[in-house]
Amino acid sequence: MSQALDEIKIGGLGASRKRVEDNRFIRGKGNYTDDITLPGMLHMEILRSPLAHARIVSIDASKAWDIPGVHLVLTGDMMATRNLAWMPTLSYDTQAVLATDKVRFQGQEVACVIADDPYIAKDACEAIEVEYEPLPVIVNPEQAVAEGAPVIRDDKENQQDNVIFDWEVGDAAGTGRAFERADVISKLKLHYPRSHPSPIECCGSIADFNRATSKLTVYLTTQAPHIIRAAVALVAELPEHMIRIISPDIGGGFGNKVPVYPGYVCSILASILLERPVKWIEDKTGNLISTGFARDIYLDGEMALRRDGKILAVRMHCDSDHGAFFSDAQPSKFKIGLLHSAFAAYDIPVAHLSARGTYSNKAPGGVAYRCSFRVTEAMFFQERMMQAAADDLGLDQAEFRRMNFVRDDDFPHRTPFGFLTDSGQYAKCLDVGLKAVGYEDFRRQQASARERGRLLGLGISTMTEPLGAGNSREYDILGIKMFDSAELKVHMTGKAIVRTGARGQGQGHETTWAQIVSHELGIPAEDVVVEEGDTDTAPFGMGTYASRSTPVAGAAVAMVSRKIRAKARKLAAHLLEVSEEDVEWELGRFYVRSAPDRGVTIQECAMAAYSNMPDGMEPGLENTAFYDPPNLTWPFAVYIVTVEVDPETGVWDVLNMVAVDDCGVRINPMIVEGQIMGGLTEAYAMANMQFITFDAEGNCVGSNYMDYLLPTAWETPGFELHSEVVTPCPHHPIGAKGIGECAAVGGPAAFVNAVMDALSGTGVRNIDMPLLPDRVWEAITYRRDVSGAPPVRSDD
C-alpha cells in the first residue's frame, strides 16, 4: 500500500496555494527600491527635452550649481569626457545617456542634478537653461523613408537614412506562386498602436560605490539583474565581480524594466564621483514619456484562398517604428522579434514575411510588453486577417478557423516560417469556447437584434505563442545564450532554499517554484524558501520576460530537484543497507522494492547528507542546474467576445467574454487564473481605451493618466475562464507551457473582431485600436475605415 504524500496537501503541482508573497504585499511590507534609504544618500532628478527633435545650441547649468544643496550637475559633455555619453543597447545599437549634439525625442534626458533631496534636485533642473534649434520631426515610418527626410541618427557613421533594418523570412517565390493560383485574395492594412506597459512602480535605482572596497552595489528596478550587471560592467568599465545588482520587490514590469535606462548610468557615475549613495526615482510622466514603449507597427497583409476556405498562402509586410534608438530586448537573430510566429496554429503550406525597421522622433520602442518578442502583434495581425478572410469568402468565422487548424495528429508541426510546434488540441479548445458562449443562439439573437436596429457582434481570436526563448542554437541577447538556472540547497532538517536567475514581478515565483520542488522531492512547499534578484547570491540567469519563467527557470528548478533526488537515492540505499537499484521512489520517501514498508523520508536523507553519508560521498545536499530548452513551448488559447455597439454614440459594451486556455500542466491553478484575468484586462484596455500617440511636432499625447486610461474594476468586464483542455508539453520536465502573456497576446483581436462583426454590412473593414467611441461612430456614420496612426491633431 502506497505511503506517498498527498501532493495537493503539501502544496505540490495542482495545488491552488495562496501566494506567499502576498503576506507582505497586502500588509504594505513590500521592499521596493524607493523604500530603501542608505546613510548619506543623495537624490537625482533628470531634465528632459520639451522638443522631439532639436539641435542643442548651449546648456547653461550655472544657476543650478548655485542652489544650496546641489552636489553635482551632469550634462552630456561631462559624460563624454568619461566616454559615457552613449551606451550600447540590447540590439547592437547605441543610445544617448545624456544628449550632446541634439535631442531626438520629447522627454530625452538632457542633464541631471544630484542634491540633498529630490525637491532641491528638481528645482535645480528647472534652473538649467538649454537653448534649442528646432529640427523637422518624424513620427511614423512613411515620413521616415520619405525623400528628403531628416536623418535622425546622424551621429552614426555611414547612416544615410532612417532605416534600421530590412529583414525577411519564409519562401517568397513559393508564396508568389500560391497567390497566382488563388481563387480569392484577402487584403488588410492596419496599425497596432504604441502602448506603454505602465507598471504601477516607475523605474529607479540606488547606486552605492564604496571606494574602500571598489565595490559597486546597485538597487535597481530590473527584470534581468545579471544582464544589467554585464551591461554596467561594459559601460562603466568596472570589473563584473565587483558589481552587485540587487533587484528588490518590483511593482510590475511587463517588459518595461528589461532595458538599461540612462537614469541608471547617471546615478552610477554620480555615486562613483561623489562616493555617496545616489537614488533616482522616476516620476510617472517621465516613465510614460521616455521609457520603453511597445508595438507601433504597421501591417500590409494578404491571404491567398481557395473558394472552399482553404488557406493557400500568407504574405505580410510590416513597418515597425522603433523610436530614436534601436533598443529592443529580443533575440539577436530576429530583428523583428518572433513576429513570424503568426499563423503557427494554422496549417498553411507557404508564407513570406518582410519587415523594415525605422527610426523616428519618439522614445525607444519595441519592448516585449507582456509578450514573447512581437508575438502580440503577430497574433493580432493573424486574427484580424482571419476575420477579414472569412468575411471575404462569406464563411462562418468559427468554421473557417476550424478547417484550417493544425490537426491533433499533425504534431510536431513545422510552420511555414520554420518554427516547430509541439502539441495542442486546437479544435477542442474552440468547441469548448463556442459551447460556453452559446454560439448558435447568439447568432440568432444577433440577426433578430439587427432587424430592430441593434448592433450585436461576436469576435473570435485564437493564438499559439512561442514561449521559453530559447535554445542556445538560435537564441541569444548580446551573444549571451538564453538558458536559465536554479540552485537548490536542502538543509539537514529537510527545509530548503531555492535560488534562480529569474526575477519575479507579480508572477508568483516564491509560491510556484516551491511547488515544483514539492512535486519533485515531497518537501512541503511551506518548507521551501525562494530567493531571486541578487547577483551575489543567485545563479546566472537571463531574467524574467517573454513568459520565460515556467518554460525555462521553472524547468531548471525541476531539473535541480531531480539532481538532489538522485543523490538522496544513494543516501537512502546507504540508510536502508540495500543496493541503489533496489530503491524505489514515491512522493516524499524512498523504499525497498521487495519490502515497501521499509523506507526513509526525504528529510531523513537530508539529515544523513550531513551526518551519515557513505564512504566516498561528498557531504551536503545541494546542487545547481542550467537549463537550455530543447525547443520553445506552445500554449494555445481561444478567446470569444460578444458586444453591443450603440450606433448613435459609437460606445460599445462587452456582453460576455469566454477564455479557453491550454497552457499544459498548471502548477498553481489559482495563479494561472489570476494571470489570465490580468492579461484579459490589459487586452480590453488596448482594444478599448489605452491611447498614447504623437502629434506632428512629436509631442506625446497620452503622457499622463488623464489621457492614457488604464481600466479599473469599474470598466473591466467579467471573464468566464475554462481549463478543461490540458495538453502537456512533451519536452518540458513537468509538461508546463507558460501562461503569463497568453491573454494579453490573444485577447485584443477578440474585442476588435467583435466590434467589427457588429459593423458587418457597413463596408467598414478596419478601425485601429483603441476603438474609441468617436472612431466607431465615424466608421458607422461615414462607412469607412478609421486609422489611428500618428500624427494626430493636438487640438482635437
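Residues numbered from 1 in each chain as written. Predicted model: local features only at pLDDT ≥ 70, side-chain atom pairs only at ≥ 80, totals over all residues. Heavy atoms only, no water.

J.: What's the story with the overall build of the chain in this structure? I'm lost.
T.: Along the chain, the regular secondary structure elements total 19 helices and 34 strands. Taken over C-alpha atoms, the radius of gyration comes to 28 Å for the chain, in line with the 28 Å a tight globule of 796 residues would show. Taken along the three principal axes of its C-alpha coordinates, the chain extends 85 × 75 × 50 Å. Burial status across the chain gives 63% buried among its 796 residues. Summarising the internal contacts of the chain: among those between residues at least 6 apart in sequence, 79% fall at separations of at least 24. (Helix = DSSP H or I, 4+ residues; strand = E, 2+ residues; numbered from the N terminus. Rg over C-alpha atoms; globule rule 2.2 N^0.38 Å. Buried < 20%, exposed > 50% of the residue type's maximum accessible area, 1.4 Å probe, protein only. Contact = heavy atoms within 4.5 Å.)

J.: Would you mind showing me how to read the sheet that holds strand β29 (residues 622-627) here?
T.: Hydrogen bonds between backbone groups are what pair the strands of a sheet, and the pairing can be parallel or antiparallel. Read from one edge to the other, the open sheet built from four strands follows the order β25-β24-β23-β29, with strand pairing classed as mixed. If you trace the sheet from one side to the other, it starts and ends with β25 (528-531) and β29, each paired once. Averaged over all adjacent pairs, the angle separating strand axes in this sheet is 15°, with direction ignored. As paired strands, strand β24 (residues 496-500) and β25 are joined by four bridges and run parallel to one another. Its bridge partner lying in β25, Arg-499 is registered against Glu-531. Sitting on the sheet, helix α15 (residues 549-576) touches β23 (484-490), β24 and β29, and the angle it makes with β29 is about 145°. (Pairing = 2+ DSSP bridges. Axes fitted to C-alpha atoms, helices over the stretch in contact; angles between N-to-C directions.)

J.: Please explain helix α17 (residues 669-688) as it appears in this structure.
T.: Note on helix geometry: an α-helix contains 3.6 residues per turn, so any two residues three or four positions apart are oriented the same way. With 20 residues, α17 should cover 28 Å at 1.5 Å per step; its first-to-last C-alpha distance of 28 Å lies within 8% of that length. Burial within α17 is extensive, with 14 of its 20 residues counted as buried. Between the side-chain oxygen at the start of α17 and the backbone nitrogen of Met-670 there is a gap of 3.1 Å, and the oxygen is on Asn-668. (Expected span 1.5 Å × (residues − 1). Polar contact = N/O pair within 3.5 Å; in protein donor to acceptor, adjacent residues only side chain to side chain.)

J.: Whenever I open this one, the packing of helix α10 (residues 375-393) against helix α11 (residues 397-404) confuses me. Can you help?
T.: Any two packed helices are characterised by the angle at which their axes cross and by the distance between the axes. Viewed as axis vectors pointing N to C, α10 and α11 meet at an angle of 110°, and their least axial separation amounts to 9 Å. Taken together, the axes of α10 and α11 are roughly perpendicular relative to one another. Helix-helix and strand crossings are classified by hand; for α10 and α11 the assignment is right-handed. Between α10 and α11, the contacting residues are Glu-383, Met-386, Gln-387, Ala-389, Ala-390, Asp-391 and Leu-393 on the first element and Gln-397, Phe-400 and Arg-401 on the second. (Parallel < 35°, antiparallel > 145°, perpendicular 65-115°, else oblique. Left-handed = near helix turned anticlockwise from the far one by under 90°.)

J.: Please explain the packing of aromatic side chains as it appears in this structure.
T.: Note on aromatic pairs: each is described by the distance of the centres and the angle between the planes. Tallying each qualifying case throughout the model produces 25 aromatic pairs. Ring geometry for Tyr-426 versus Phe-636: centroids 4.1 Å apart, planes at 25°, classification stacked. With Tyr-426 in helix α12 (residues 426-437) and Phe-636 in strand β30 (residues 636-645), this pair connects stretches of sequence that are 210 residues apart. Of the two residues, Tyr-426 and Phe-636, neither departs from the other in class, the shared state being buried. A centroid spacing of 5.9 Å and a plane angle of 70° characterise the contact between Phe-483 and Phe-626, whose relative ring orientation is edge-to-face. Residue Phe-483 is located in the loop between β22 (480-481) and β23, and its partner Phe-626 is located in strand β29; the two are separated by 143 residues in the primary sequence. Here a set of aromatic residues connected by ring pairs shows up, and it is made of Phe-343, Tyr-346, Phe-405, Phe-411, Tyr-426 and Phe-636. It is Arg-194 that lies over the ring of Phe-293; its NZ or CZ is 4.6 Å from the centre. Positioned over the ring face of Tyr-545 is Arg-548, at 5.7 Å from the centre of the ring. (Phe/Tyr/Trp six-rings, centres within 6.5 Å; stacked < 30°, edge-to-face > 60°. Lys NZ or Arg CZ within 6 Å of the ring centre and 35° of its normal.)

J.: For this particular structure, what's the right way to read the pattern of salt bridges?
T.: When their charged atoms lie close together, side chains carrying opposite charge are able to pair. Throughout the structure, instances matching the rule amount to 56 salt bridges. A salt bridge links Asp-34 to Lys-279; its shortest N-O distance comes to 3.2 Å. Taken together, the residues span a long stretch of sequence, with Asp-34 in the loop between α1 (22-25) and β1 (42-48) and Lys-279 in strand β14 (residues 278-281) at a distance of 245 residues. Residue Asp-34 is classed as partly exposed on the basis of its relative accessible area of 44%. Put simply, Arg-306 and Asp-308 hold a salt bridge, and the shortest N to O gap is 3.0 Å. Shared partners join several salt bridges into a network, and the residues in it are Arg-55, Asp-93, Asp-101, Lys-102, Arg-104, Arg-153, Asp-154, Asp-155 and Lys-156. (Salt bridge = Lys/Arg side-chain N within 4 Å of Asp/Glu carboxyl O.)

J.: Looking at this structure, I do not really get a nonpolar patch on the surface. What am I missing?
T.: Side chains of Met-492, Met-607 and Tyr-610 sit close together on the surface and give an oily, nonpolar patch of about 260 Å² of accessible area. Turning to its location among the elements, Met-607 is positioned in helix α16 (residues 602-611). (Patch = residues over 30% accessible without salt bridge, like charges linked within 9 Å, V, L, I, M, F, W, Y side chains within 5 Å. Areas by Shrake-Rupley, 256 points an atom, 1.4 Å probe, with all protein chains shown as cover.)

J.: I tried to follow the sheet that holds strand β17 (residues 350-358) on my own but got confused; where do I start?
T.: Pairing within the open sheet is mixed, and its five strands lie in the order β9-β17-β16-β15-β10. The open sheet has two edge strands with one neighbour each: β9 (163-170) and β10 (184-195). Between one strand axis and the next, the sheet turns through 10° on average, direction left out of account. Inspection of the sheet shows β10 paired to strand β15 (residues 294-305) by 11 bridges, in the antiparallel sense. The residue bridging Ser-195 from the neighbouring strand is Ala-294, located in β15. Contacts between helix α6 (residues 172-181) and the sheet are confined to β9, β10, β15, β16 (311-321) and β17, with β16 contributing the most and set at about 125° to the helix.

J.: Any chance you could explain the side chain of Asp-328 here in plain terms?
T.: Within the secondary structure, Asp-328 sits in the loop between β16 and β17. Judged by its relative accessible area of 0%, Asp-328 is buried. Within the structure, Asp-328 has its side chain in polar contact with the side chain of His-322 (distance 3.2 Å).

Nothing here speaks to function; it is all geometry.
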